[in-house]
Amino acid sequence: DAGVIQSPRHEVTEMGQEVTLRCKPISGHDYLFWYRQTMMRGLELLIYFNNNVPIDDSGMPEDRFSAKMPNASFSTLKIQPSEPRDSAVYFCASSHPDRREKLFFGSGTQLSVL
Amino acid sequence: DQQVKQNSPSLSVQEGRISILNCDYTNSMFDYFLWYKKYPAEGPTFLISISSIKDKNEDGRFTVFLNKSAKHLSLHIVPSQPGDSAVYFCAASDSGTYKYIFGTGTRLKVLA
C-alpha cells in the first residue's frame, strides 16, 4: 500500500492567495484527519471525517479554512485568503475501522505564506 | 487551551541509558492514550498505546505508564539507541469520539 498521499509537498504563496492542499487516504480507512504542526501548538487537530462526513471542525481556525471529502479516496483543505500566520506543516492522516488508535500520517505539506 | 501538555521541549540521553518522556493531560474524559514518533520531513508514526483500564503497556524497548489520578503518562525507552532520536508526541482521546489531541512534542536526542 502506498500509504497516505499528500500533495503538494511544499507550497509557497503570497498573502491573499488561495491555497489547496490535497490528501488521498489509505484504501479501506474510514476516518480522515487534518492536522497542522507549529512550534507553539504542536500537532493541532483541524477537522476530521468519518465515512466522508465531517464529524468535528471545531479546530478550524477561521472561516478562511474549509475542508471537503467528496469521496472515500480524496480530501482537500482550502485556505482562502491565505495569511503569513498560516505558515505551517499540514498533515493528513487516516485510520482503519479495526485499529482506530493507529493513525497513518502522510508526509505533510510545508506551507509558506509570504 | 492545551489539553495535552509535554513540558519538556527537548531531552538528551546517552546511548544505552533510559529515556523518559513525560506527558500531562487535563481532560478527565480522556481514556485512550498514544505515543507517536516523528523523524524530520516525515509524518508521525504510531509507537505504542494504552487504555485507561491499564497502568502499563510494554512493547519491546518501549513501555508506557499511565497514572490516572495524576493525569500523567510517560514513555520509557530502554536501552536508548541513536535511531530513537526523533520528536515524540503524546496524544489522548475520549474513545467515544476518536478525536485525538496531540501535545507539542519532545525532541529526543540519543548521543552515541
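This section reports on the structure supplied with the text. Since the model is a prediction, treat every value here as computed from it, not as a measurement.

### As for the overall build of chain B
Step number 1: Of regular secondary structure, chain B possesses 0 helices and 11 strands.
Step number 2: Tracing chain B from N to C terminus, the helices and strands come up as β-β-β-β-β-β-β-β-β-β-β.
Step number 3: If one aligns the C-alpha atoms of chain B with their principal axes, the spans along those axes are about 40 × 30 × 20 Å.
Step number 4: Looking at chain B as a whole, 43% of its 112 residues qualify as buried.
Step number 5: Put simply, 54% of the contacts in chain B that link residues at least 6 apart link residues at least 24 apart.
Step number 6: Accessible surface, chain B: about 5300 Å² in total, of which carbon and sulfur atoms supply 49%.

### Some words on the pattern of salt bridges
Residues and elements named next belong to chain A.
Step number 1: Per the stated rule, a full pass over the model turns up 13 salt bridges over all chains.
Step number 2: Across the pair Glu44 and Arg36 runs a salt bridge whose closest N-O atoms are separated by 3.4 Å. Here Glu44 matches Arg36 in class, with each residue buried.
Step number 3: Here Arg99 and Glu101 are joined by a salt bridge, their closest N and O atoms 2.5 Å apart.
Step number 4: For Glu101, a relative accessible area of 10% gives the class buried.
Step number 5: By sharing partners, the salt bridges in this structure join Glu62, Arg64, Glu83, Arg85 and Asp86 into a single network.

### Some words on the pairing of strand β6 (residues 53-56) of chain A
Step number 1: Alignment of strand β5 (residues 42-50) of chain A against β6 of chain A, held across 3 bridges, turns out to be antiparallel. Across the sheet, residue Phe49 of chain A finds its bridge partner in β6 of chain A, namely Pro54 of chain A.

### So, the interface of chain A and chain B
When the parts of a complex come together, some accessible area is lost, and that lost area is often used as the size of the interface.
Step number 1: Across the contact, 22 residues belong to chain A and 19 residues belong to chain B.
Step number 2: Contact with chain B buries area across many residues of chain A, yet Leu43, Glu101 and Phe105 of chain A alone supply 30% of it, more than any other trio.
Step number 3: Applying the counting criterion to the chain A and chain B interface returns 1 salt bridge.
Step number 4: Close ionic contact of Asp56 of chain A with Lys99 of chain B constitutes a salt bridge, the shortest N to O distance being 2.8 Å.
Step number 5: Along the contact surface separating chain A from chain B lie 9 residue pairs in polar contact (both at pLDDT 80 or more).
Step number 6: Ranked by residues supplied to the side of chain A that touches chain B, first place goes to strand β10 (residues 99-105) of chain A with 6 residues.
Step number 7: Of the residues assigned to the side of chain A that touches chain B, the class counts are 10 nonpolar, 5 polar and 7 charged.

### Let's talk about the environment of Arg17 of chain B
Residue and element names in this part refer to chain B.
Step number 1: Looking at the secondary structure, you find Arg17 in the loop between β2 (10-14) and β3 (19-25).
Step number 2: Judged by its relative accessible area of 56%, Arg17 is exposed.
Step number 3: Sequence separation of Arg17 and Val110 is 93 residues, and the distance between their C-alpha atoms is 9.0 Å.

### Considering the packing of aromatic side chains
Residue and element names in this part refer to chain A.
Step number 1: Considering all chains together, one arrives at 16 aromatic pairs over all chains under this definition.
Step number 2: Arranged with centres 5.7 Å apart and planes meeting at 45 degrees, the rings of Tyr35 and Phe105 form a pair that is tilted. In this pair, Tyr35 is assigned in strand β4 (residues 31-38) and Phe105 in strand β10, connecting sequence segments 70 residues apart. For the residue pair Tyr35 and Phe105, the accessibility class agrees, reading buried in each case.
Step number 3: Considering the side-chain rings of Phe91 and Phe105, the 6.1 Å spacing of their centres and the 85 degrees angle between planes classify their relative orientation as edge-to-face.

### Looking at the sheet that holds β3 of chain B
What holds strands together in a sheet is hydrogen bonding between their backbones, with the strands either parallel or antiparallel.
Residue and element names in this part refer to chain B.
Step number 1: The 5 strands lie next to each other as β1-β3-β8-β7-β6, forming an open sheet whose pairing is antiparallel. The two strands at the open ends of the sheet, each matched to only one other strand, are β1 (4-5) and β6 (56-59).
Step number 2: Bridge count between β6 and strand β7 (residues 62-67): 4 bridges; the pairing is antiparallel. Paired with Asn57 across the strands is Val64, a residue of β7.

Calculation criteria
- Residues numbered from 1 in each chain as written.
- Chains lettered and ligands numbered in written order.
- Predicted model: local features only at pLDDT ≥ 70, side-chain atom pairs only at ≥ 80, totals over all residues.
- Heavy atoms only, no water.
- Helix = DSSP H or I, 4+ residues; strand = E, 2+ residues; numbered from the N terminus.
- Buried < 20%, exposed > 50% of the residue type's maximum accessible area, 1.4 Å probe, protein only.
- Contact = heavy atoms within 4.5 Å.
- Areas by Shrake-Rupley, 256 points an atom, 1.4 Å probe, with all protein chains shown as cover.
- Salt bridge = Lys/Arg side-chain N within 4 Å of Asp/Glu carboxyl O.
- Pairing = 2+ DSSP bridges.
- Buried area = accessible area lost by both parts, 1.4 Å probe.
- Polar contact = N/O pair within 3.5 Å; in protein donor to acceptor, adjacent residues only side chain to side chain.
- Nonpolar A, V, L, I, M, F, W, Y, C, P; charged D, E, K, R; others polar.
- Phe/Tyr/Trp six-rings, centres within 6.5 Å; stacked < 30°, edge-to-face > 60°.

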